[in-house]
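Coordinate analysis (summary)
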Amino acid sequence: KVLQLTLAVIKPDAVAHPLMLEALHQRILDNNFVIVRRKDLAWTREDSQRFYCEHSGRFFYQRLVEFMSSGPMRAYILAREDAIRHWRELMGPTKVFRARYTSPASIRGQFGLTDTRNTTHGSDSVESAQREIDFFFPDFCAEEWMKKEEPSFRS
Ligand code: YYY
Ligand code: MG
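Quick look at the structure, then. Computed from a prediction, not measured in an experiment: that's the story for all the values here.

**A short note on the sheet that holds strand S1 (residues 3-10)**
Strand order in the open sheet made by the 4 strands is S2-S3-S1-S4, with antiparallel pairing throughout. One side of each edge strand has no neighbouring strand; the edge strands of this open sheet are strand S2 (34-41) and strand S4 (120-122). Adjacent strand axes in the sheet meet at a mean angle of 20° when their direction is disregarded. Direction of pairing for S1 relative to S4: antiparallel, over a ladder of 3 bridges. Looking at the pairing, Val-9 lines up with His-121 of S4. Along the sheet face, helix H2 (residues 18-30) touches S1, S2, strand S3 (73-81) and S4 and points at about 15° away from the line of S3. Across the sheet, helix H5 (residues 83-91) touches S1, S3 and S4, and the angle it forms with S1 is around 35°.

Structure (C-alpha cells):
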C-alpha cells in the first residue's frame, strides 16, 4: 500500500446547490479519504485558462473556461492508498451519458448535468496531481506532509 495525494475539486455546478456540496463532502469521508487541505475559492477566466491550457484548441475549451470561472468551487487535497485512481473511479467517466449508463452509482452518473457541468475534477496521474495541488495550494509542501504522516499510515 502506497499513500498517495490527489487533487479533487467540486465544480461550480455542484457548489451552487448546498445539498449537493454536502453530499459530495460526505462521499469523500465515506470512501476513506483523509482531507489534508480544503479551500473554497473562485477562479478568474485567466485562472481557468491556465489550469486547462492542455485543452486549449479543443472544441469544448471555451465553454469549459467559462463554466469553471462562473462561480465558487471547493478544492481538496485528499490522501489515501491509491488516491488518484480511487477518486477517479468514484467520480466516474467524464461524459455525462456514459457516466449515467455505465456507472450510474458514480458521482458524475448521479449528479452530472452535461459533459462540461460534470460536478467534480480529479487528477489523472502522479505528475498532474503534483502540478494541480501546487496550482490550488502553492503553500503546501507534499514532501513535508508525507514525512510527517506516512509513518502513522503504515502502522
Ligand atoms: O479528467 P476529466 O475531467 O474526466 O476529463 P478531461 O478529458 O481531462 O476534460 C477536462 C474537462 O473538460 C471535463 O471535466 C469537462 C470538459 N469537457 C467538456 O466540456 N466536453 C467534453 N467533450 C470533454 C471534456
Ligand atoms: Mg482531466
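**Quick look at the site of ligand 1**
Around ligand 1, the surrounding shell holds 14 residues, and the nearest of these are Lys-11, Arg-63, Arg-88, Thr-94 and Thr-116. Between ligand 1 and Thr-94, the relevant distance is 2.5 Å, taken from an oxygen atom to a side-chain nitrogen or oxygen of the residue. Protein chains bury 88% of the 490 Å² of accessible surface belonging to ligand 1 in isolation. Looking at the shell around ligand 1, its residues break down into 4 nonpolar, 4 polar and 6 charged.

**A closer look at the pattern of salt bridges**
All told, the structure shown has 5 salt bridges when counted by the stated rule. For Glu-66, the salt bridge goes to Arg-45, with nearest N and O atoms at 2.6 Å. Note that Glu-66 is positioned in helix H4 (residues 61-68) and Arg-45 in helix H3 (residues 45-51), a separation of 21 residues in sequence. For Arg-80, the salt bridge goes to Glu-81, with nearest N and O atoms at 3.0 Å. Connected via shared salt-bridge partners are Asp-82, Arg-85 and Glu-89.

**Focus: the packing of aromatic side chains**
Under the definition given, this model contains 11 aromatic pairs. Here the aromatic rings of Phe-33 and Trp-87 are separated by 6.0 Å at their centres, their planes lie at 85°, and the arrangement is edge-to-face. Of the two residues, Phe-33 sits in the loop between H2 and S2 while Trp-87 sits in helix H5, which places them 54 residues apart along the sequence. A relative accessible area of 6% places Phe-33 in the buried class.

About the cut-offs
- Residues numbered from 1 in each chain as written.
- Chains lettered and ligands numbered in written order.
- Predicted model: local features only at pLDDT ≥ 70, side-chain atom pairs only at ≥ 80, totals over all residues.
- Heavy atoms only, no water.
- Pairing = 2+ DSSP bridges.
- Helix = DSSP H or I, 4+ residues; strand = E, 2+ residues; numbered from the N terminus.
- Axes fitted to C-alpha atoms, helices over the stretch in contact; angles between N-to-C directions.
- Contact = heavy atoms within 4.5 Å.
- Near = heavy atom within 4 Å.
- Polar contact = N/O pair within 3.5 Å; in protein donor to acceptor, adjacent residues only side chain to side chain.
- Areas by Shrake-Rupley, 256 points an atom, 1.4 Å probe, with all protein chains shown as cover.
- Nonpolar A, V, L, I, M, F, W, Y, C, P; charged D, E, K, R; others polar.
- Salt bridge = Lys/Arg side-chain N within 4 Å of Asp/Glu carboxyl O.
- Phe/Tyr/Trp six-rings, centres within 6.5 Å; stacked < 30°, edge-to-face > 60°.
- Buried < 20%, exposed > 50% of the residue type's maximum accessible area, 1.4 Å probe, protein only.

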